[in-house]
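Take a look at the letters that make up each chain.
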Amino acid sequence: MSVVITGIGELVTNDPELGLLRDAAVVVESGVVAWVGSATTAPDADERIDVEGRAVVPGFVDSHAHLVFAGDRAAEFEARMSGVPYDGGGIASTVAATRQASDDELRARLRALLAEMRAQGTTTVEVKSGYGLTVEDETRCLRLAAEVTPETTFLGAHVVPAEYRGRADEYVALVTGPMLAACAPHARWVDVFCEPGSAHAFDGDQARTVLQAGRAAGLELRVHANQLTAGPGVQLAVELGAASADHCTHLTDADVDALADGTTVATLLPGVEFSTRSPYPDARRLLDAGIALALATDCNPGSCFTSSMAFCIALAVREMRMTPAEALWAATAGGAAALRRTDVGHLAPGARADLAVLDAPSYLHLAYRPGVPLVRALELPRV
Ligand code: NIG
Ligand code: FE
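Residues numbered from 1 in each chain as written. Chains lettered and ligands numbered in written order. Predicted model: local features only at pLDDT ≥ 70, side-chain atom pairs only at ≥ 80, totals over all residues.

1. Examining the overall build of the chain
And then number 1: When you go through the chain residue by residue, the secondary structure sums to 13 helices and 16 strands.
And then number 2: Computed over C-alpha atoms, the radius of gyration of the chain comes to 20 Å, within 12% of the 21 Å expected from 2.2 N^0.38 for 383 residues, which places it in the range of a compact globule.
And then number 3: Each of the three principal axes of the chain carries a C-alpha extent, and together these read 65 × 45 × 40 Å.
And then number 4: When contacts within the chain are restricted to residue pairs at least 6 apart in sequence, long-range pairs at least 24 apart make up 69% of them. (Helix = DSSP H or I, 4+ residues; strand = E, 2+ residues; numbered from the N terminus. Rg over C-alpha atoms; globule rule 2.2 N^0.38 Å. Contact = placed C-beta atoms within 7 Å.)

2. Some remarks on the nonpolar core
And then number 1: Counting 129 residues, the largest nonpolar core has Val26, Leu295, Ile313 and Ala316 as its most contacted members.
And then number 2: Looking at this core element by element, the count peaks at 10 residues for helix 11 (residues 309-320).
And then number 3: In this structure, this core is formed jointly by two domains, domain 1 (2-59 + 346-377) and domain 2 (60-338), each of which donates at least three residues.
And then number 4: Apart from residues no more than four positions distant in its own chain, valine 26 is found in contact with Ile5, Ile8, Val33, Val36, Leu347 and Leu355. (Core = buried A, V, L, I, M, F, W, Y, C linked by C-beta atoms within 7 Å. Buried ≥ 20, exposed ≤ 12 C-beta atoms within 10 Å, placed from the backbone. Domains from an automatic or database assignment.)

3. Details of the pairing of strand 12 (residues 244-247)
And then number 1: As defined by bridge partners, strand 11 (residues 220-225) adjoins strand 12 across four bridges and the pair is classed as parallel. Along strand 12, the bridge assignment pairs histidine 224 with aspartate 246.
And then number 2: Of the crossover connections in this fold, the one passing from strand 11 over helix 7 (residues 233-239) to the parallel strand 12 is right-handed.
And then number 3: Across three bridges, strand 12 lies against strand 13 (residues 265-268) in parallel orientation. Bridging from a neighbouring strand, aspartate 246 pairs with threonine 267 of strand 13. (Pairing = 2+ DSSP bridges. Right-handed = clockwise from strand over helix to strand, strands pointing away.)

4. Some remarks on the pairing of strand 13
And then number 1: Taking every second residue as pointing to the same face, both faces of strand 13 are buried, with Val265 and Thr267 on one and Ala266 and Leu268 on the other.
And then number 2: In this region the chain leaves strand 12, passes through helix 8 (residues 253-261) and returns to the parallel neighbour strand 13; the handedness of that crossover is right-handed.

5. Structural notes on unusual backbone geometry
And then number 1: The backbone of serine 30 shows a phi angle near 50°, a positive value even though the residue is not glycine.
And then number 2: Residue placement: serine 30 occurs in the loop between strand 2 (20-29) and strand 3 (32-38).

6. Some remarks on the environment of threonine 342
And then number 1: Take threonine 342: it is sitting in the loop between helix 12 (324-338) and strand 15 (355-358).
And then number 2: The spatial distance from the C-alpha of threonine 342 to the C-alpha of arginine 352 is 9.4 Å, given a sequence separation of 10 residues.

7. Concerning the sheet that holds strand 12
And then number 1: Spatial ordering of the open sheet is given by 8-9-10-11-12-13-14, a layout of seven strands whose pairing is parallel. The sheet is open, and its two edges are formed by strand 8 (127-128) and strand 14 (293-295), each paired on a single side.
And then number 2: The sheet contact formed by strand 10 (residues 189-194) and strand 11 spans four bridges and is parallel. Looking across to strand 11, one finds that valine 190 is bridged to leucine 221.

8. Quick notes on helix 11
And then number 1: The element helix 11 is largely enclosed, with a buried count of 10 among its 12 residues.
And then number 2: Where helix 11 is concerned, the buried positions are Met309, Ala310, Phe311, Cys312, Ile313, Ala314, Leu315, Ala316, Val317 and Met320.
And then number 3: One or two steps after helix 11, the chain reaches arginine 321, where phi turns positive at roughly 60°.

Here is the structure:
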């Protein structure tokens, strides 16, 4: 069984050879892209979908999201908009609500958010734990995440939970001992909120301990780094060969040099700066240094409760001066790089047939028409 998607007014492939095509078609076989080219030369297929001049882009790869939680923090957002700064302290209230929630409640919320993302063009998503912070609750959050994505991340070291206040090292021992042992079978990645200045998160030594233990348990590394201040997170991520350093809001020259010399992707989360009313990361400084960038939502109930990659693209263009092409690349191929995936984030023969279609003639409309629900994942017949 095969399907040809034709009538594509503009096709972004992210493939260095194919580039951007007009009046294009894509043939899909068994869920994989089999052919890409001009609509006039497209081979026949069993089924045909005509998108009538719309633009098609690779489905978004949202490489940073916290979707297993209960409750909301709208009141915290309201207070923040009146001047209360974000410091991660509100995470504790989500932890309390998540511990109280049943599996079914968490699952329903998770699936609703995923459906919301898919309806907005996201076809790959990473999901973190981090609101359980007990062996049992972290394990069940990851078990639920693993029902919906292979990109599951153990974030037991999100914050020091209330019952361990003042005993962060003891909590790190729990995270790197029994919690990691229980969670590793359900996780691909390990992550840590490295923010030494914060009363809630972890310093560089603790973060290193968590990441090294995770690696020893077979997990790959990603880091919440340099969100609130210029701490050790970014250089630690690069030194340990993490796939991604996420946030990168406050960077020193040495941080930028380290990223430029290393293989770690810098994942920018401008929805967080929007929702915490903070200065945006300096994307141009990173791009000018030749650093690979990803864009992700960081969808979570505290620092940024958006599921919209298109919104993040608009912010990246308007607020971080990325070009529309750079922003779309970061939201697709960049996200794939941050997850070390070669099968998504681009549309060329052999890639997964994850396509997003815009009710617009060009991908430029993602940033040009902010807030307008133009983009959705293209649902294909089972081929
Ligand atoms: O990526 N910085 C730490 N973690 C999340 C926020 C989680 C929350 O506020 O609930 C983040 O911004
Ligand atoms: Fe996060």
